[in-house]
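Survey of secondary and tertiary structure
The residues making up each chain are set out below.
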Amino acid sequence: GAVVSQHPSWVICKSGTSVKIECRSLDFQATTMFWYRQFPKQSLMLMATSNEGSKATYEQGVEKDKFLINHASLTLSTLTVTSAHPEDSSFYICSARLAESYNEQFFGPGTRLTVL
Amino acid sequence: QQPVQSPQAVILREGEDAVINCSSSKALYSVHWYRQKHGEAPVFLMILLKGGEQKGHEKISASFNEKKQQSSLYLTASQLSYSGTYFCGTDTGGGNKLTFGTGTQLKVEL
């Protein structure tokens, strides 16, 4: 149980284009999902908290107009990187909180974004 | 502020034990431990809650000192599969939002 999927697993795009990443909880409902970014050999940095049916809460320094988050259902959250630039290249990982248990977070497999 | 983990890196021979420490500058509601292998997502290992409850892995144990704002992860009889980077994630606000630590690279060799 507690499986989280992400799609795509990797994407290469040209500078200036937008990229959408999907995060799905496959066998449980997640009212809260989290989006992280991880640069090589660094820790995970929380970007935003995605709540079903309401606006996402962004961490300080994360541009909400650049990283659009939509949590349309209890099993799906999407992150859209708008007008991507090379500095946005990173490993993007989502997690979903298992509210019925000890609130542990289960992570998706991640999406490697490369912006040329 | 990011929790500080120690050691930064450790190499073990199979069967040896290790302790990884996580120290926060803020009061903690809970501490979550994860292991991440290169290019993969973090895998949940253990959660420790304020008040002493915990849920986790069979062969891994941990402690949580609320007063000192610290947690330690104990790996016993290490196996090759234990290799990876270990992160603690701390919840300082009670809202389950985690701040991840600096990471500890663990390598288990034959």
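Residues numbered from 1 in each chain as written. Chains lettered and ligands numbered in written order. Predicted model: local features only at pLDDT ≥ 70, side-chain atom pairs only at ≥ 80, totals over all residues. Heavy atoms only, no water.

A word on the packing of aromatic side chains
Residues and elements named next belong to chain A. According to the stated counting rule, one finds eight aromatic pairs over all chains in the structure shown. Between Tyr36 and Phe107 the ring centres are 5.4 Å apart and the planes differ by 45 degrees, which places this aromatic pair in the tilted class. Here Tyr36 is found in strand S4 (residues 32-38), whereas its partner Phe107 is found in strand S10 (residues 105-107), with 71 residues between them in sequence. For Phe107, a relative accessible area of 9% translates into the label buried. Taking the centre distance of 6.4 Å and the plane angle of 40 degrees together, the rings of Phe67 and Tyr92 count as tilted. Taken as a pair, Phe67 in strand S7 (residues 67-73) and Tyr92 in strand S9 (residues 90-97) lie far apart in primary sequence, 25 residues in all. The buried category is assigned to Phe67, whose relative accessible area is 4%. (Phe/Tyr/Trp six-rings, centres within 6.5 Å; stacked < 30°, edge-to-face > 60°. Helix = DSSP H or I, 4+ residues; strand = E, 2+ residues; numbered from the N terminus. Buried < 20%, exposed > 50% of the residue type's maximum accessible area, 1.4 Å probe, protein only.)

A few points about the interface of chain B and chain A
In this assembly, 19 residues from chain B lie in contact with 23 residues from chain A. Together, the buried faces of chain B and chain A total about 1,700 Å²; carbon and sulfur atoms form 59% of this surface. Where chain B touches chain A, the interface holds one salt bridge. Scanning the region where chain B abuts chain A turns up four residue pairs in polar contact (both at pLDDT 80 or more). Broken down by secondary-structure element, the contributors of at least two residues to the side of chain B that touches chain A are strand S4 (30-36) and strand S5 (43-49) of chain B. Among the residues making up the side of chain B that touches chain A, the classes are represented as nine nonpolar, six polar and four charged. (Contact = heavy atoms within 4.5 Å. Buried area = accessible area lost by both parts, 1.4 Å probe. Salt bridge = Lys/Arg side-chain N within 4 Å of Asp/Glu carboxyl O. Polar contact = N/O pair within 3.5 Å; in protein donor to acceptor, adjacent residues only side chain to side chain. Nonpolar A, V, L, I, M, F, W, Y, C, P; charged D, E, K, R; others polar.)

Points about the sheet that holds strand S8 (residues 76-81) of chain A
Residue and element names in this part refer to chain A. Within the open sheet, the four strands sit side by side as S1-S3-S8-S7. Their pairing is antiparallel. In this open sheet, the two strands that pair with only one neighbour each are strand S1 (4-7) and S7. Sheet twist, expressed as the mean angle between neighbouring strand axes with direction ignored, is 15 degrees. With five bridges connecting them, S7 and S8 associate as antiparallel partners. Along S8, the bridge assignment pairs Leu68 with Thr80. (Pairing = 2+ DSSP bridges. Axes fitted to C-alpha atoms, helices over the stretch in contact; angles between N-to-C directions.)

Keep in mind these numbers describe shape, not what the thing actually does.
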